[in-house]
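This is what each chain is made of:
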Amino acid sequence: MPVLTLTAEEWTAMLLSLKVAAVAVAFSLPLGLLVAWLLSRKEFWGKSLLNGLVHLPLILPPVVTGYLLLITFGRRGTVGAFLDETFGLVFSFRWTGAALAAAVMGFPLLVRSIRLSLDAVDRKLEAAAATLGAPPPYVFFTVTLPLILPGIAAGAILAFAKSMGEFGATITFVSNIPGETQTLASAIYTYTQVPGGDVAAMRLTLISIVLSLGALIASEFLSRRIAARMGAA
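In this report, the structure presented in the accompanying data block is examined. Small disclaimer: the values here were computed from a predicted structure and weren't measured.

Assignment of secondary structure puts serine 40 in helix H1 (residues 8-41). The residues contacting serine 40, other than those within four sequence positions of it, are Arg115, Leu118, Asp119 and Arg123.

Secondary-structure assignment places glycine 52 in helix H2 (residues 47-59). Sequence-wise, glycine 52 and proline 108 are 56 residues apart; in three dimensions their C-alpha atoms are separated by 9.8 Å.

As a further point, take the pattern of salt bridges. Considering all chains together, one arrives at 4 salt bridges under this definition. Here glutamate 43 and lysine 47 are joined by a salt bridge, their closest N and O atoms 3.2 Å apart. With a relative accessible area of 72%, glutamate 43 lands in the exposed category. Exposure remark for lysine 47: the relative accessible area of 15% places this residue in the buried category.

Before going further, it helps to spend a moment on the packing of aromatic side chains. Within the structure shown, the criterion is met by 4 aromatic pairs. Note on phenylalanine 73 and phenylalanine 91: the rings are 5.8 Å apart at their centroids and 80° apart in plane angle, and the pair reads as edge-to-face. One end of the pair, phenylalanine 73, is in helix H3 (residues 62-73); the other, phenylalanine 91, is in the loop between helix H4 (78-87) and helix H5 (95-120), with 18 residues separating them in the sequence. Assessed through its relative accessible area of 21%, phenylalanine 73 is described here as partly exposed. Note on phenylalanine 167 and tyrosine 189: the rings are 5.4 Å apart at their centroids and 45° apart in plane angle, and the pair reads as tilted. Residue phenylalanine 167 is found in the loop between helix H7 (136-165) and helix H8 (168-174), and its partner tyrosine 189 is found in helix H9 (residues 184-192); the two are separated by 22 residues along the sequence. With relative accessibility at 41%, the residue tyrosine 189 sits in the partly exposed group.

Two elements in contact, H5 and H7, have axes separated by 8 Å at closest approach and are oriented at 155°. In terms of their interaxial angle, H5 and H7 are classed as roughly antiparallel. Seen along the crossing, H5 lies across H7 with a hand that is right-handed. Where H5 abuts H7, its residues Ala102, Met105, Gly106, Leu109, Leu110, Ser113, Ile114, Ser117 and Leu118 lie against Thr144, Ile148, Gly151, Ile152, Ala154, Gly155, Ala156, Leu158, Ala159, Lys162 and Ser163. By residue class, the composition of the contact of H5 with H7 is 12 nonpolar, 7 polar and 1 charged.

Rules used in this analysis
Residues numbered from 1 in each chain as written. Predicted model: local features only at pLDDT ≥ 70, side-chain atom pairs only at ≥ 80, totals over all residues. Heavy atoms only, no water. Helix = DSSP H or I, 4+ residues; strand = E, 2+ residues; numbered from the N terminus. Contact = heavy atoms within 4.5 Å. Salt bridge = Lys/Arg side-chain N within 4 Å of Asp/Glu carboxyl O. Buried < 20%, exposed > 50% of the residue type's maximum accessible area, 1.4 Å probe, protein only. Phe/Tyr/Trp six-rings, centres within 6.5 Å; stacked < 30°, edge-to-face > 60°. Axes fitted to C-alpha atoms, helices over the stretch in contact; angles between N-to-C directions. Parallel < 35°, antiparallel > 145°, perpendicular 65-115°, else oblique. Left-handed = near helix turned anticlockwise from the far one by under 90°. Nonpolar A, V, L, I, M, F, W, Y, C, P; charged D, E, K, R; others polar.

Shown next, in the form of structure tokens:
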């Protein structure tokens with residue numbers, strides 16, 4: 001078969017990766033926005049601890065993160081058992097668990113990008129809106145949010161790219177089940193372990209490189225837009 005032609009299994013792994021990454025970003029974005037706002041605009045006891053916990057997945061071995069997810073959200077985990085019995089929601093060895101692991105690993109990049117955008121907003125613009133009688137939620141949605149949209153987009157793209165390439169936490173938490181939890185990264189790992197799988201591994205590697213590079217370029221473009229917009233303001 002042609003070198004660049006994907007098999008049905010490879011298409012499944014790629015589409016599952018896109019699905020997992022999209023769900024991970026969609027569900028972590030509201031929480032990421034809230035956490036970034038707290039870290040940027042509020043002073044409270046435990047702020048440094050919260051900041052450390054948010055960025056912990058960046059420095060922990062991914063396998064450790066995956067194991068912590070397994071003992072917490074697995075069927076016998078404290079949270080996982082409750083969710084299974086109460087709502088019938090299962091994460092371990094399901095694609096939903098892969099999305100959860102991807103969300104956790106991409107969350108620090110999402111929060112950091114949004115926080116930097118919030119830090120760059122001119123507070124005088126928000127103060128001016130407040131002096132005209134606008135309540136804080138109205139100021140946020142009409143003044144602050146439009147200014148940080150490029151940062152939100154950049155963070156979402158970086159988190160999406162991180163989710164696409166996540167391997168260690170995912171395979172520890174949800175294993176490597178074809179059609180259910182086998183993403184691009186785990187599929188590449190599988191092909192490197194079987195005789196004659198080098199060509200397939202290279203195909204998926206090239207796809208991963210293209211997707212990741214495209215995400216980084218898009219994120220850089222949006223970051224430059226942030227700097228230009230803030231400079232013009």
